Structure formats: C-alpha cells, structure tokens
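Below, each chain spelled out in residue letters.
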Amino acid sequence: MSVAKKDYKRITTKSLIEMKADGEKISMLTAYDYTMAKIVDTAGIDVILVGDSASNVMAGHETTLPITLDQMIYHASGVVRAIERALVVVDLPFGSYQSDPREALRSAIRIMKESGGHAVKLEGGKEIKDSIKKILNAGIPVMGHLGLTPQSIYKFGTYTVRAKEEEEAEKLMTDAIMLEKLGCFAIVVEKIPADLAERVAKSISIPVIGIGAGGGVDGQVLVIHDMLGMNNEFSPRFLRRYMNLFADMTKAIGQYVADVKSSDFPNASEQY
C-alpha cells in the first residue's frame, strides 16, 4: 500500500521521526562537494551524509581512517552551501571522539560551527556512550552507526557481514536501544543480516537507515560514487548501480581528446 508523502520544505531530525511514524521510507546519499550536493539536493534526497568515505572516494585512501577533522569540515562546508532541503549529517572522523568525551564534544562543536552541518554521526555503541551523551547534552543532534563500522576495520580485519552470530546480534540490539534512550535521532546499520536489521527497526521508534541491511528498515543510504557507477571496482551484493558514469565519462573524455588532437574542437561556432 502506498503511503501519502508529506511535502517537507526542509528536512529536520523531527521530520525523519515523523516519516518513520508515517511509514514513509527515508532516502540518504553521500556528497562531499558543492556541485554534487546541489544535484543530490535538487533531486529530492532527504538526508545528505558527508561521510568519512571521502577518505576513499575523494582522496584514494584504502580505509576511512586517514581523513582528518579539518578535511571533514572542508567537505561539509561545501555541501552545506549547496542545499536547500536536505538534512546534512557529518561523520566525526576516526580519532576525534573515541578516547575522550570532552574531545568528542570539541570535535562536534567545530563541525557544527565551522561547516554549518545539521548533525553528526558516530560509529559504535556502549563503547562511546559517554561521548554521545556529552555531544547530545550540548544540543547537537547525533546519528548512531552500528554493525560494520569502517573506522574499526583493523579490529574486524574484514568488511564481511557483521552480527551473524547470536552474541554480536544481541549486543547490536542492546546498543540500538541504548542509542535511542540516550537521544540519538536515527541509526545507520551497515552490512548486517536483513532479519536482524528489521527487528532493530521494529524495536525502536527512531529511524533505522540501512546499507547492506535489507529492505525491512526505515530508509537506505549509499555512497553516491558507487550508485552512479563512478567507481567500477566496488561491487558488493547490496549495491544497485543507477548509472555507469565510469564508462560514460571515459567515453566522453576520450572523444574530447580525439577532437582536440584532430583540431575538430573548437569549431567555427565555438570561438569568438
């Protein structure tokens, strides 16, 4: 059964909770610069995540760990200047919140003040409880992130599906309930079994947004470079490519090179 869509002029954390209550799915994509964010926002996306995945797709690092707080603020600032409707959530990068709640608060404040972002996202559950409380107590909205947490890749040793075993699944459920009680407005669950993700979504009143977590959650998020096919080396099961920009852009650029070499570009109508 289709659900009537409310016309939100501006998405807020309250909007997302209302969308879950109304049965409306939440759409979320990453963006890291003004031009891409402008396109994504114009297309009607609900949430833009300025993800630490910029470390991979923008800077070419193997993991998300190298990106700095200053770099996240730089990327987020460009995104915020582009949007008119979407909620902008900014990842706190590795090392900016895990060890000291006071440092976590300082990091979150810098993101909010210097980038203009609307919320921050942190990876982890009970282990970072004090950092989340500190940030929330300052009035900064927090989105949680459970399951596969890429900032902990060297702890896991692999990007495989998480929480397949009962003990880890129970911890994830406990952490999700804890995040809701603390005051998080939403949670991302990454690469966990679909049935577990659905149970989490049904157990809490805040939105659960999945990536590689099946369709039983309240929304979906993908990395923009992956879903547009700009990155042709990454092909997990959960990824649906809506375009093949790698092939299209390669062809277009190749044609430009050929036209320049042959003096076909510029022609008479393309000069002054």
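These lines cover the structure that appears in this document, whether it is placed above or below. (Residues numbered from 1 in each chain as written. Predicted model: local features only at pLDDT ≥ 70, side-chain atom pairs only at ≥ 80, totals over all residues. Heavy atoms only, no water.)

Some thoughts on the overall build of the protein
Going by this rule: Secondary structure elements follow DSSP: runs of H or I no shorter than four residues count as helices, runs of E no shorter than two count as strands, and numbering proceeds from the N terminus. When accessible area is computed with a 1.4 Å probe and restricted to protein chains, residues below 20% of their type maximum are described as buried, those above 50% as exposed, and intermediate ones as partly exposed. Only heavy atoms enter the contact rule, under which two residues are in contact if any of them lie within 4.5 Å. Only the protein chains shown count as covering a residue, and every accessible area follows the Shrake-Rupley method with a 1.4 Å probe. Only four residue types enter the charge count, namely Lys and Arg as positive and Asp and Glu as negative; His and the chain termini do not. Charged groups are reduced to one reference atom each: NZ for lysine, CZ for arginine, CG for aspartic acid, CD for glutamic acid.
If you tally the helices and strands in the protein, you get eleven helices and eight strands. Structurally, the protein occupies a C-alpha span of about 65 × 45 × 45 Å along its principal axes. Counting the 272 residues in the protein, one finds 48% classified as buried. A sequence separation of at least 24 residues applies to 58% of the contacts in the protein between residues at least 6 apart. As displayed, the protein has an accessible area near 14,100 Å², and 54% of this comes from carbon and sulfur atoms. Measuring between centres, the 32 positive side-chain charges of the protein sit 4 Å from its 35 negative side-chain charges.

Comments concerning the environment of Pro266
Along the chain, Pro266 falls in the segment after helix H11 (245–261). Sequence-wise, Pro266 and Ile187 are 79 residues apart; in three dimensions their C-alpha atoms are separated by 51 Å.

Section: the pattern of salt bridges
Put simply, the rule is: Salt-bridge detection follows one rule: a side-chain nitrogen of Lys or Arg within 4 Å of a carboxyl oxygen of Asp or Glu.
Scanning the model with the defined rule gives 15 salt bridges in all. Asp46 serves as the salt-bridge partner of Arg85, at 3.3 Å between the closest nitrogen and oxygen. Of this pair, Arg85 sits in the loop between helix H4 (69–82) and strand S3 (87–91) while Asp46 sits in the loop between helix H2 (34–42) and strand S2 (47–50), and the two are 39 residues apart along the sequence. According to the relative accessible area criterion, Arg85 is buried, its value standing at 15%. Taking relative accessible area as the criterion, Asp46 reaches 3% and is therefore assigned buried. Taking the shortest distance from any N to any O, the salt bridge between Arg110 and Glu114 comes out at 2.7 Å.

Brief notes about the packing of aromatic side chains
This is how the line gets drawn: The pairing test for Phe, Tyr and Trp rings, Trp by its six-membered ring, is centres within 6.5 Å, and the orientation test on the planes gives stacked under 30 degrees, edge-to-face over 60, and tilted for anything in between.
All chains considered together, the criterion is met by two aromatic pairs. Relative to Phe238, the ring of Phe234 lies with its centre 6.4 Å away and its plane at 70°, an arrangement referred to as edge-to-face. Using a relative accessible area of 34% as the deciding quantity, one classes Phe234 as partly exposed. Residue classification places Phe238 among the partly exposed residues on the basis of a relative accessible area of 27%.

Considerations on the pairing of strand S6 (residues 186–190)
Formally: For two strands to be treated as a pair, DSSP must find at least two bridges joining them. By the criterion used throughout, a crossover qualifies as right-handed when its path from the first strand across the helix to the second strand runs clockwise, the strands pointing away from the viewer.
In terms of residue burial, S6 counts as a mostly covered element, since five of its five residues are buried. Of the two faces of S6, the one holding Ala186, Val188 and Glu190 and the one holding Ile187 and Val189 are both buried throughout. Sheet analysis places strand S5 (residues 142–147) next to S6, joined by five bridges and oriented parallel. For Gly144, the partnering residue across the bridge sits in S6 and is Ile187. Across four bridges, the pairing between S6 and strand S7 (residues 208–211) is parallel. Looking at the pairing, Val189 lines up with Gly210 of S7. Handedness of the S6-helix H9 (residues 194–203)-S7 crossover: right-handed.

A closer look at the nonpolar core
Filter applied, for reference: Take the buried residues of types Ala, Val, Leu, Ile, Met, Phe, Trp, Tyr and Cys, join any two whose side-chain atoms come within 4.5 Å, and each joined set is a nonpolar core.
In this structure, Ile48, Val120, Leu122, Ile135 and Val189 are the most contacted members of the largest nonpolar core, which totals 82 residues. No other element matches the seven residues that H4 contributes to this core. If sequence neighbours within four positions are ignored, Ile48 has contacts with Leu29, Thr30, Ala31, Ala37, Val40, Asp41, Val79, Ile83, Ala86, Leu87, Val88 and Val89.

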